[in-house]
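Summary of structural features
Spelled out from the first residue to the last, the chains are:
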Amino acid sequence: MPTTVPSVCRFCHAGCAILVDVEDGRPLRVRGDRDNPAYRGFCCVKGQQLPDQWGHPDRLLRTQKRMPDGSHRPVPCAEAIEDIALRLSEILVTRGPRAIAMYSGTYSIANPATMPIALSFMEAIGSSMVFTSNSIDQPGKAVAQALHGTWLAPPPAFDDRTVALLVGTNPTATMAGGLPLANPGRELTDAVGRGMRFIVIDPRRTEVARRAHVHLQCRPGEDVPLLAAMLNVILREERHDAAFLRDHVDGLEALRAAVAPFEPERVARRADVRAADLVEAARLFAGGRGVATAGTGPNFNGRGTLFEYLLLALNTVCGQWSRAGERVPNPGTLSPPFPAIAQAAPPRKGYGYGEKLRVRGLANCDGGLQASALAEEILLEGEGQVRALLSVGGNPASAIPDQALTVRALEQLDLLVQIDIKRSATASLADYVIAPKVPLEMPGMTLVQDQLTFYGAGFGHREAHAQYTPAIADPPRGAEVVEEWVFFYELARRMGLPLSIAPATATGAPGDPAQRVALDMKRRPTHDELFAILTRNARVPLDEVKQHPHGAFFPAPEVVVAEREPGWTGRLDVGNPEMLADLAAVASALDIVGEADGFPYRLICRRMIHTFNSNGQDLDGLRSKWPYNPAFMHPDDLDREGLSKGDLVELESKSGSMLAIVEPDETLRPGLVSMVASFGGLPGNQDKHVRERGTNAGRLLRVDQDVDRYTGQPRMSNVPVRVRAAEPVG
Ligand SMILES: Nc1nc2c(c(=O)[nH]1)N[C@H]1C(S)=C(S)[C@@H](COP(=O)(O)OP(=O)(O)OC[C@H]3O[C@@H](n4cnc5c(=O)[nH]c(N)nc54)[C@H](O)[C@@H]3O)O[C@H]1N2
Ligand SMILES: Nc1nc2c(c(=O)[nH]1)N[C@H]1C(S)=C(S)[C@@H](COP(=O)(O)OP(=O)(O)OC[C@H]3O[C@@H](n4cnc5c(=O)[nH]c(N)nc54)[C@H](O)[C@@H]3O)O[C@H]1N2
Ligand code: SF4
Ligand SMILES: [Mo]
């Protein structure tokens, strides 16, 4: 007889509360948990596939070792750790710690214990070569935050907001920013019902755009001019929050001068929107209470830092932060209490520090070490050359721009270790693939959902929510699978290295070194012991959260924003000279159009509800409609090119070409190709299997094109392409 148990879905970062039918340790069925007050029964199609993922015939149940002929064979995990330890020790001696790098991807946050231990391992060997997928996501958010300074209180409570500006974010499908985490469709309907007005800037008519008061269905890549024009209108019409700016903000006059060239008519022409809509968007945002939030699209244009800086400036100029005495509905739960003081933490540099890369003058930044430089660091000979890569919860061979270059580099490593549940593109290149437990086989807690609040304004839960789940499923019979952190712990033990972890912080930044707890390297800690250390400073004790197996709100009605501390001098800065110099460069090119002769379309990024980066492409429930990643185009464009639904096309950029299958999408602006990226596995015969497995849009990107000079992120969207009918590859 199956029993039904509550748990937390960790297929994506949203952490939905679920109910799982389990029999003999085997998960049978997953659905949303109506007893959870935040998610209210929501569970997307991906979450429903967890039983299939658990028992998938291709799931790796044993650690795999690569044989000289390139095939993999299962080996005991301890044997793999032994050999990896030996090889890493040898590289340490002969090449030094910098030759050992780490890459962490989206699944590195599924278990809050993974990264603290993995990072402690890297520290113990003395390497700061830690690359993250955030660096090819929205690293400009963190750098812009540093340059602008941080208001030490949250944006106004979601329920009190009257307006929201969403720039290139699609939260009803992605659970990203713009709507509260949880059940985004219901949040949207409720908010519209309350009279909240949405402003959407997106070349596609997304679900939120359909309900929006103003939708600027712009050309892609024009977000910097569009925000600058909005700021121009607001400042010119004196719609800014003068009192807030006087009390807390520097740089207003410099900003005013810098946005002056961005005349609404001029920008509207360039972005191909109506000037009247642009002006209305500015007035509506300035006149309401709410925040501006952005997603991947505008961050993928080579100026992510400047874009995010203007987005923060827009929030600040309109005074969209909460003030002394206002309530704080989400002060955090499993994290330490969120700060709530009506004052500004002053700006910092936020980039160009720490580990210097040997290529393109890059260094570390608040958005993480630039992953798109990893291939060059592997290929460039000389002192410090990367020779070993430990890849945790990511799929670099699929995710990093310029797939051919990345794969060529990964193939040349002396040691590639991939932790993966399946034979992903990276796993098939790896010397060792460590087979991990899937989340249902491990305890979990919603710490990262707390920390998401600090990723950007408009992210995170509406109210203070938390949930803990024990492991609710057993690994399949015969499996030898380990938690990711256990791999690093055992590797450290084998190499004689000490490990320590600190209690988690509210923002997710590394914890206080003074509070670090050294791990016993003789007796392996339990999962729950690690969770106890991580939540040591939690606002709500983990033990109390455990009393609510379906998850709960943990309200703190007494928490209100405190008055500015006496003598506090910190101020936000909307006039950072480097940002404004970059903006001036954009202004001077404002009337120049047509950069890409012969490439009439623009390839833009997107996500969809039934895909998750390179994950789940083997799950029947997610493949049923499209087993590949369609190239969406406007029906008029298809007509013009003589193409129909399902036709095979060649997409060609200046740096590469690939086959794809077109699909009409009338919600899309004409002139675009909109595509999910990480499909198709390794390059080589992607084109041959395009209908069964899709293809990788990263083949059309370069790592050195239109690079954001603060984060090193290359252009990953709005890429000029041409489209023509193609013949199948035999
Ligand atoms: N062209 C282009 N490139 C992009 C993007 C784009 O839109 N266009 N998006 C960018 C963005 S935003 C991001 S965040 C990155 C994503 O970059 P990555 O995080 O590197 O890529 P994912 O495909 O999410 O890789 C997740 C890996 O984890 C494995 N996995 C699944 N479940 C588990 C588990 O339980 N445990 C472990 N250990 N592993 C598991 C999967 O099999 C997969 O190999 O890609 C970036 N690259
Ligand atoms: N279902 C699902 N959920 C996911 C993921 C997934 O793959 N599937 N991935 C996760 C990850 S790693 C991330 S980073 C988040 C991302 O979450 P989002 O940022 O919401 O992701 P996208 O769907 O890529 O949204 C980008 C939007 O930007 C628009 N866009 C493209 N180019 C431009 C431009 O130049 N300007 C403007 N203004 N808009 C533009 C696109 O049309 C699209 O609607 O989602 C996460 N959640
Ligand atoms: S949105 Fe879907 S995949 Fe993400 S946590 Fe919720 S149910 Fe799981
Ligand atoms: Mo991402």
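Source: prediction; values computed, not measured.

To continue, consider helix α2 (residues 77-95). Compared with the 27 Å implied by 1.5 Å per residue over 19 residues, the 26 Å span of α2 between its first and last C-alpha is a close match. A positive phi of about 90° marks Gly-96, the residue just after α2.

In this section: the side chain of Thr-296. Tracing the chain through its elements places Thr-296 in helix α13 (residues 296-299). When near neighbours in sequence (up to four residues on either side) are disregarded, Thr-296 contacts Asp-137, Gln-138, Gly-168, Cys-605 and Arg-607.

Another point: the site of ligand 2. Neighbouring ligand 2 are 34 residues; Asn-170, Thr-174, Asp-202, Asp-223 and Thr-611 lie closest to it. A distance of 3.2 Å separates a nitrogen atom of ligand 2 from a polar atom in the side chain of Lys-46. One of the side-chain nitrogen or oxygen atoms of Arg-607 is found 2.9 Å away from an oxygen atom of ligand 2. For the shell around ligand 2, the elements supplying multiple residues, two or more each, are α5 (171-174), α13 and β27 (601-605). Examining the composition of the shell around ligand 2, we find that three residues originate from one element, α13, more than from any other. Its residues assigned to classes, the shell around ligand 2 comprises 12 nonpolar, 15 polar and seven charged.

Every one of the 30 residues lining ligand 1 counts as a neighbour, but Tyr-103, Thr-106, Ala-399, Asp-420 and Ser-614 are closest to it. Within the contact set of ligand 1, an oxygen atom lies 2.7 Å away from a side-chain nitrogen or oxygen of Tyr-103. A distance of 3.2 Å separates an oxygen atom of ligand 1 from a polar side-chain atom of Asn-613. If ligand 1 stood free it would expose 920 Å²; the protein chains cover 96% of that surface. Here the residues of the shell around ligand 1 sort into 13 nonpolar, 12 polar and five charged.

A few words on the pattern of salt bridges. Applying the stated criterion across every chain, the model contains 49 salt bridges. Glu-237 is paired through a salt bridge with Arg-283; the nearest N and O atoms lie 2.7 Å apart. Highlighted residues: Glu-237 in the loop between α8 (223-236) and α9 (242-248) and Arg-283 in helix α12 (residues 275-287), separated in sequence by 46 residues. Taking the relative accessible area as the measure of exposure, Glu-237 reaches 27% and is therefore partly exposed. Members of the salt-bridge network, linked through shared partners, are Arg-40, Asp-159, Glu-187, Asp-190, Arg-194, Arg-462 and Glu-463.

Here we come to the domain arrangement of the protein chain. Interfaces are frequently sized by the accessible area removed from exposure as the parts join. Segmentation of the protein chain into domains returns domain 1 (155-321 + 572-585) and domain 2 (595-725). Each of domain 1 and domain 2 has a C-alpha centre, and the two are 27 Å apart. Domain 1 puts 27 residues into the contact, and the matching count from domain 2 is 25 residues. Of the roughly 2000 Å² buried between domain 1 and domain 2, counting both surfaces, carbon and sulfur atoms make up 49%. Taken as a group, Arg-204, Pro-220 and Phe-300 account for 32% of the area that domain 1 buries against domain 2, more than any other trio of residues on that side. The tally of links from domain 1 across to domain 2 stands at four salt bridges. In this structure, Arg-669 engages Asp-272 in a salt bridge whose closest nitrogen and oxygen atoms are separated by 2.8 Å. The tally of links from domain 1 across to domain 2 stands at 12 residue pairs in polar contact (both at pLDDT 80 or more). Only α5, α13, α14 (304-317) and α23 (577-588) provide two or more residues apiece to the side of domain 1 that touches domain 2. By residue class, the composition of the side of domain 1 that touches domain 2 is seven nonpolar, 12 polar and eight charged.

Running from amino to carboxyl end, helix α4 (residues 140-148) crosses α14 at an angle of 50°, the nearest separation of the two axes being 8 Å. Between α4 and α14, the crossing angle belongs to the class labelled oblique. The chirality of how α4 crosses α14 is right-handed. Across from Gly-140, Lys-141, Val-143, Ala-144, Gln-145, Leu-147 and His-148 in α4, the residues of α14 making contact are Gly-304, Thr-305, Glu-308, Tyr-309, Leu-312, Ala-313 and Thr-316.

About the cut-offs
Residues numbered from 1 in each chain as written. Chains lettered and ligands numbered in written order. Predicted model: local features only at pLDDT ≥ 70, side-chain atom pairs only at ≥ 80, totals over all residues. Heavy atoms only, no water. Helix = DSSP H or I, 4+ residues; strand = E, 2+ residues; numbered from the N terminus. Expected span 1.5 Å × (residues − 1). Contact = heavy atoms within 4.5 Å. Near = heavy atom within 4 Å. Polar contact = N/O pair within 3.5 Å; in protein donor to acceptor, adjacent residues only side chain to side chain. Nonpolar A, V, L, I, M, F, W, Y, C, P; charged D, E, K, R; others polar. Areas by Shrake-Rupley, 256 points an atom, 1.4 Å probe, with all protein chains shown as cover. Salt bridge = Lys/Arg side-chain N within 4 Å of Asp/Glu carboxyl O. Buried < 20%, exposed > 50% of the residue type's maximum accessible area, 1.4 Å probe, protein only. Domains from an automatic or database assignment. Buried area = accessible area lost by both parts, 1.4 Å probe. Axes fitted to C-alpha atoms, helices over the stretch in contact; angles between N-to-C directions. Parallel < 35°, antiparallel > 145°, perpendicular 65-115°, else oblique. Left-handed = near helix turned anticlockwise from the far one by under 90°.

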